[in-house]
Amino acid sequence: MSRRPSRRFSEMPMRVNDGRMSLVNATPQNKDNVFGKLNIPKPQSGTSERRTSYFGKGAGGGQRNSLFGSYGGTEKIKDPRPLHDKGFVQQCIKQLCEFLGDSGFPGSVTVKALQSPSTKEFLKIFEFIYSLLDPTFQMPTSKVEEEIPRTLKDLGYPFPLSKSSMYSIGAPHTWPQALGALIWLIDMVKIFNSMKGQNLLFADFSDGSSELEEGVEYNKLFLDYCFKTYNNFMQGADTFEDEDAEYLAHLKRLYNVDEALLESQQEKHRMLMEEVERLEKESHTDRLMAQRTERLRLQTDLQKLQSYHAHMESFKSHLENKATGLSEELEAADLQLESLKQEKARLQHILENQKFTPADIERINRERNELQQTVSSLSRSLEEAQQLAWNEEITLVKTRERAEVKLAEYHKLARMLKLIPQSAENACGHDFEIKTVSDYGPTTASQIRTQIQNPLKNMLLDVEEEFSSLSNMKLSLEETVEQVKSNISEKMNDIKQIKEQIRRLDQELEHEMQEMAQEEEKWAADVDSAERSKKLLEKKVMDGYEEAEEQLKAAQQQYHLVRQETKEESRLVANNLTNVFSAAVNHLGIVEKHCNDQLKKMDKMNEIIREDQADLHQLKEMIENFVSRADGCA
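Residues numbered from 1 in each chain as written. Predicted model: local features only at pLDDT ≥ 70, side-chain atom pairs only at ≥ 80, totals over all residues. Heavy atoms only, no water.

Colleague: Tell me what's going on with the overall build of the protein, and back it up with residues and numbers.
Modeller: When you go through the protein residue by residue, the secondary structure sums to 10 helices and 0 strands. The linear arrangement of helices and strands in the protein, starting from the amino end, is α-α-α-α-α-α-α-α-α-α. Per element, the accessible surface of the protein, about 48,600 Å² overall, is 57% carbon and sulfur. (Helix = DSSP H or I, 4+ residues; strand = E, 2+ residues; numbered from the N terminus. Areas by Shrake-Rupley, 256 points an atom, 1.4 Å probe, with all protein chains shown as cover.)

And the structure:
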C-alpha cells in the first residue's frame, strides 16, 4: 500500500485558496494513478469557519480545532464533477464499458446501451462491480431503491444519491448521478485491487530489491513532514512552503536527483511545448481544407461553364439552321439575279440591234421609272417582312420560355400529386411527363392531348364516381346522426326528469343528514369528554414509557454508529495498523499537551475572573454605601 496521501488530514476547507501542487506526491518515480482519469478534486473555500474538535473545545486565540476522528457528518457536499456535460458523460460511459469488458462482465455491454440503461441493467452492473469488493454480496430483492444509496453511503460515497432517482435510472436528469456513483465505485475497486496485493503489516523492509518509496527512509521523511505540517496546521497555518521546500530537498537527496539534468529536461519540455503550440496554430489554418474549398468552388464554376457551353451549342445549332435557310434563300436570289442579268443582256442586245423612236424611248423610260418604283416598294416590303419575321422569332422565343416555365410548374404540380414518374402512386401506369417542346414535331398538341388529357379524364371520372358514392354514404350517415340526435334528446329529457327526482331525494336526505349530524354532535361531545379523561390517564401512563423508548432508540442509534465505525476500522486496521499506532501516539501526545496548556490557561482565566468578581463586589458595596449616605443627607 502506498503511503502517499491524496489530501490533508483535515477535511475542512482552507481559509486561503492554495492553488499549488502538494509536495507529498512529488517523488521522482512516476506511478500510475489508481483513481483513474476522473479523480474528484478537493473542495476549497475561502471561508474561515471554525472546526469542531473530537476532543472538545479549545480556548486558544489563533489556533484551530481538529476534525480528527469525527465520522458521519450531516453536511452535504456538492458534486464538483461536470456530470451534466455531455462530453464528460460520454467519457464516463466509455470508461465504464472498458472496465466491464476487462473485468469479465457476464453479458454484452455497449456504449450505445449505456446511454440510457434500464433499472434492471443498472442493478446488474452495480451488483457485478460491488461483488469485486465483496464476493459474498447479493442484491436484495426488495427496497432496492433504499439499499443502493445506503450501501454507497456505508462505503463512504461523499455525494448524495436520492431514493427517487432509483425509480427512473435511464432518465436524462438521473442517469449522470448514477453514472458518477458507478465511476466512484470503479475507483474503489481499483484501490482495493492495488492494496490487496501488498502486505504492509508484515512487509520485509530489509529486502534490497524493494523500492525506496516503500522503505524506511521514505517513511521516516514522510512521517516527519506530516508531523511538522499537522503541528503547524493545528496552530492555525494554512500554507506550508518552508516544510514543502525542506521535504523536497530531502527527497532530492534521497533519490539522487540531478539538478542540471532536471533543468535541461525542463528546457527541453518548454521547447517541445512551444513547438506544439506552433503546430497547433498552423493546424488552425488547414491548407487542405482551403484547397478542398477551392476545388468545390472550381467544380461549381465548371458546372456553370458546362451548362453555359451547352446553351451556346444549342444557340449555335439554332443559328446554323437559320444560316442554312438564309443561304438557301440567298442561292435562290442569286439564281433569280442571274436570270434577271440574262434577261437584261437579252434586252440590251435587242436594244442595241433595234432602232427606237423617241416615243419608244419615252415609253421605255416611263416603264423603267415604274419598275424602279416597284423595286423600291418591294424592297420596303421585304424589309418590313424581315422585321416582322424577326419580331415573330423573338415572340416565339419568349413564348417558348413561358411554355418551359409552365411545363416546369406542371411537372412540379404533377410530382406533388404523385403523377410523375410512370411508377408513381397516382399515375396508374400512365406517363404524364411532357418532354421538352423541341423534342416534338407538328403533332405535339395531339400527342400531349392523347398522352395526358384522356388518362386524366378517365381518372377524373373515377374520382367523381368515388366522390358520388362517398357523398351518398355521407348523406346516409347524416340521416343516422339525426336519428341518434333525436334519440339523445329524448334520453336527455328522461335524464332531466331523473335528475329532478334525485334532487328531491337529495333534499330529503340532506334534511335527514342534518338531523343525524345534530345527534352525532351530541354524541361527539360525550365521546370527547370521555376521550379527554382517557388521554389524561394514558398520558400519565405513557410518559415513563416514552422516556424509556427514547433512551432505547438513542442506545440503538449509538450501537449502529459504533458498529459502523467498528466495521470501518476493522477494514482498515489490517493494512494501516503500524501507521495508526505511531500517528495515534504522536497525536495523543500533542493533543494531551495542548489540552494541558489550555487547562492551565483556563485556570489562569478563572483566577482573573474571580479577582475581577471580588473587585466588582467591593465596588458594588461602595456604591451602595454612597447611595445610602446620599439618601441620609437628603
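From this point on, the discussion continues.
Colleague: Residue-level account of the pattern of salt bridges, with values.
Modeller: Using the criterion set out here, one finds 15 salt bridges in the structure. Here arginine 270 ties to glutamate 267 by a salt bridge, and the two come within 2.1 Å at their closest N and O atoms. With a gap of 3 residues between them, arginine 270 and glutamate 267 both fall in helix H7 (residues 259-284), about one helical turn apart. When its relative accessible area of 38% is taken as the criterion, arginine 270 is described as partly exposed. (Salt bridge = Lys/Arg side-chain N within 4 Å of Asp/Glu carboxyl O. Buried < 20%, exposed > 50% of the residue type's maximum accessible area, 1.4 Å probe, protein only.)

Colleague: Quick one: what's the story with the environment of proline 176, residue by residue and with numbers?
Modeller: Among the structural elements, proline 176 can be located in helix H4 (residues 175-196). Once the C-alpha coordinates of proline 176 and phenylalanine 88 are considered, the two residues, 88 residues apart in sequence, prove to be 9.6 Å apart. The residues contacting proline 176, other than those within four sequence positions of it, are Leu83, Val89 and Ala171. (Contact = heavy atoms within 4.5 Å.)

Colleague: With reference to specific residues and values, describe a nonpolar patch on the surface.
Modeller: Residues Leu302, Leu305, Tyr308, Met312, Phe315 and Leu319 make up a contiguous nonpolar surface patch of about 580 Å² in total accessible area. Along the chain, leucine 305 falls in helix H8 (residues 287-353). Residue classification places leucine 305 among the exposed residues on the basis of a relative accessible area of 54%. (Patch = residues over 30% accessible without salt bridge, like charges linked within 9 Å, V, L, I, M, F, W, Y side chains within 5 Å.)

Colleague: Provide a residue-level description of the side chain of threonine 229, including the pertinent values.
Modeller: Secondary-structure assignment places threonine 229 in helix H5 (residues 216-234). For threonine 229, a relative accessible area of 10% puts it in the buried group. Here threonine 229 is in contact with Phe240 and Glu243, once residues within four sequence places are set aside.

Colleague: Can you explain H5? Please cite residues and give values.
Modeller: Taking 1.5 Å per residue as the helical rise, H5 with its 19 residues ought to reach 27 Å, and the 27 Å between its terminal C-alpha atoms agrees with that figure. A positive backbone phi angle near 115° is found at glycine 236, which sits one or two residues after H5. (Expected span 1.5 Å × (residues − 1).)

Colleague: Go over the packing of aromatic side chains with me, naming the residues and quoting the values.
Modeller: Counted by the stated rule, this structure contains 10 aromatic pairs. Centre to centre, the rings of phenylalanine 105 and phenylalanine 128 are 5.2 Å apart; their planes meet at 80°, and the pair counts as edge-to-face. Highlighted residues: phenylalanine 105 in the loop between helix H1 (86-103) and helix H2 (119-133) and phenylalanine 128 in helix H2, separated in sequence by 23 residues. For phenylalanine 105, a relative accessible area of 12% translates into the label buried. (Phe/Tyr/Trp six-rings, centres within 6.5 Å; stacked < 30°, edge-to-face > 60°.)

Colleague: Give a description of the confidence of the model for the protein that names residues and reports values.
Modeller: Low-confidence regions, as indicated by low pLDDT, have predicted coordinates that should not be scrutinised in detail. Scored by pLDDT, the protein comes out at a mean of 77, with 81% of its residues at no less than 70. Within the protein, helix H10 (residues 444-633) has the poorest average pLDDT of any element, 82, and H1 the best, 88. Contacts from residues 1-73, a stretch scored under 50 in pLDDT, to residues over four places away or in other chains number 148 contacts. Throughout residues 199-214 the model reports pLDDT below 50, and contacts reaching past four residues in sequence, or to other chains, amount to 32 contacts. (pLDDT = per-residue confidence, 0-100.)

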